[in-house]
Amino acid sequence: MATVPSKARCSTCDKEKNTVRCEGCLKLFCYNHLTDHRQELSGELNEIEINRDLFRQTLTEQAHDPTKRILIKKINKWEEDSIKTIHKAAHEYRQLLLQTTAENITETELNLAKLTDQLKQTRQENDFNEIDLNHLKRMLTQLAKRLDMPPNLSMKEDSVALIHRISIVLSSGHTNPRVIELRKAAEGLGFRIAGGREENSPIYISHIIPYGVAWKHGELKKGDQLLSVNGVSVENEYHETAVCLVKQAQDIVKLVVQYSPQDLNEMENHFDQ
Ligand SMILES: [Zn+2]
Ligand SMILES: [Zn+2]
């Protein structure tokens, strides 16, 4: 009896059949289930297309009405929440003050009545000089003060913030290549470079020497990727090549650099190793 050659198993029906391997998920499928699998994938592609269309719509909306941007919405929310917090606190403080107001008024009425009696008496007896007048004045001032700020109350500014500040930070990273022309001095150009093809890294400005040519010029910064020296590209070049080019250059040296902070971090990590 001829033995049937053993076949691979379909990952869907688990039957031994002629199968085809999907290069994406590396699973084997019988012909029937391969069709199903293709349909599944096609469904996923549809979903991506739908999401793309939705995103297209969002982009158009935001282009026409920038207030729809999510960050602006976040700022609006922060504003609303902060105002609510302040309103709530102010309401509580007012309630607290109103509770003590009745007491304060009654007490002030009593004290004013006393002062009124004293005034009448002073007038009747016609026996007063500057000292008595000053005393009466002080009493009246005191009453007014206590009405505004009863002695059992005080208001102070808390050092703890009721609301939290938020900030929007625009990073100052230049992403476009910049041309920098430095005039070579006796001591050189005043910067050091790191990286290079042998380290699988672009060539970077790793240090700006204080008070040197580059430092005084002010445009070159640590983390700039060096793209070319006097028109000669150093992208994908060895470290020494770039060093030589910089050394050979006379008078005005034209550098093309590009600042990319994310690469800078990688470079720093690289330096730390
Ligand atoms: Zn199958
Ligand atoms: Zn697959």
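Residues numbered from 1 in each chain as written. Chains lettered and ligands numbered in written order. Predicted model: local features only at pLDDT ≥ 70, side-chain atom pairs only at ≥ 80, totals over all residues. Heavy atoms only, no water.

Distances from the zinc ion (ligand 1) to its protein donors, C10 (SG), C13 (SG), C30 (SG) and H33 (ND1), fall at 2.0 to 2.4 Å. The sequence pattern formed by the donor residues of the zinc ion (ligand 1) is C-x2-C-x16-C-x2-H. Of this pair, C13 sits in the segment before β1 (19-21) while C30 sits in strand β2 (residues 28-30); the two residues are 17 residues apart in sequence, bridging distant segments of the chain. Residue C13 is classed as partly exposed on the basis of its relative accessible area, which comes to 23%. (Donors = N, O, S within 2.8 Å, 3.2 Å for Na, K, Ca; no water. Helix = DSSP H or I, 4+ residues; strand = E, 2+ residues; numbered from the N terminus. Buried < 20%, exposed > 50% of the residue type's maximum accessible area, 1.4 Å probe, protein only.)

Moving on: the domain arrangement of the protein. Domain annotation of the protein identifies domain 1 (8-68), domain 2 (83-148) and domain 3 (178-272). Placing the centre of domain 2 and that of domain 3 at their C-alpha centroids yields a distance of 75 Å. (Domains from an automatic or database assignment.)

This part is about the coordination of the zinc ion (ligand 2). In an ideal octahedron of six donors the angles at the metal are 90 or 180 degrees, and in an ideal tetrahedron of four donors they are 109.5 degrees. Listed as protein donors to the zinc ion (ligand 2) are C22 (SG), C25 (SG) and H37 (NE2); their distances from the metal cover 1.9 to 2.3 Å. Binding-site remark: the zinc ion (ligand 2) is held by donors from one chain whose sequence spacing is C-x2-C-x11-H. Residue C22 is located in the loop between β1 and β2, and its partner H37 is located in helix α1 (residues 31-64); the two are separated by 15 residues in the primary sequence. On the basis of relative accessibility, which here comes to 12%, the residue C22 falls in the buried class.

The next subject is the pairing of strand β6 (residues 224-229). Within β6, six of the six residues are buried, leaving the element largely enclosed by the surrounding structure. Pairing analysis gives five bridges linking β6 to strand β8 (residues 252-259), with the strands arranged antiparallel. From the neighbouring strand, S228 faces β8, where its bridge partner is V256. In this antiparallel pair of consecutive strands, β6 and strand β7 (residues 232-233), the connection spans two residues, and N230 shows a positive phi of 45°. (Pairing = 2+ DSSP bridges.)

Moving on: helix α3 (residues 130-148). The terminal C-alpha atoms of α3, which comprises 19 residues, lie 27 Å apart, in line with the 27 Å expected from a rise of 1.5 Å per residue. If you check the start of α3, you find a side-chain oxygen 3.0 Å away from the backbone N of I131, and it comes from N129. (Expected span 1.5 Å × (residues − 1). Polar contact = N/O pair within 3.5 Å; in protein donor to acceptor, adjacent residues only side chain to side chain.)

The subject of this paragraph is the side chain of S228. Take S228: it is sitting in strand β6. Relative accessible area serves as the criterion here: at 10%, S228 is assigned to the buried category. Contact partners of S228, with chain neighbours within four places excluded, come to S233, V234, K254, L255 and V256. (Contact = heavy atoms within 4.5 Å.)

Direction vectors running N to C along helix α2 (residues 70-125) and α3 enclose 170°, while the axes themselves pass 10 Å from each other. Considered as vectors, α2 and α3 are oriented roughly antiparallel to each other. Relative to α3, the crossing made by α2 is left-handed. Contacts between α2 and α3 involve N104, I105, E107, T108, N111, L112, L115, Q118, L119 and T122 from the first element and H135, L136, M139, L140, L143, R146 and L147 from the second. Here the contact of α2 with α3 is composed, by residue class, of nine nonpolar, six polar and two charged. (Axes fitted to C-alpha atoms, helices over the stretch in contact; angles between N-to-C directions. Parallel < 35°, antiparallel > 145°, perpendicular 65-115°, else oblique. Left-handed = near helix turned anticlockwise from the far one by under 90°. Nonpolar A, V, L, I, M, F, W, Y, C, P; charged D, E, K, R; others polar.)

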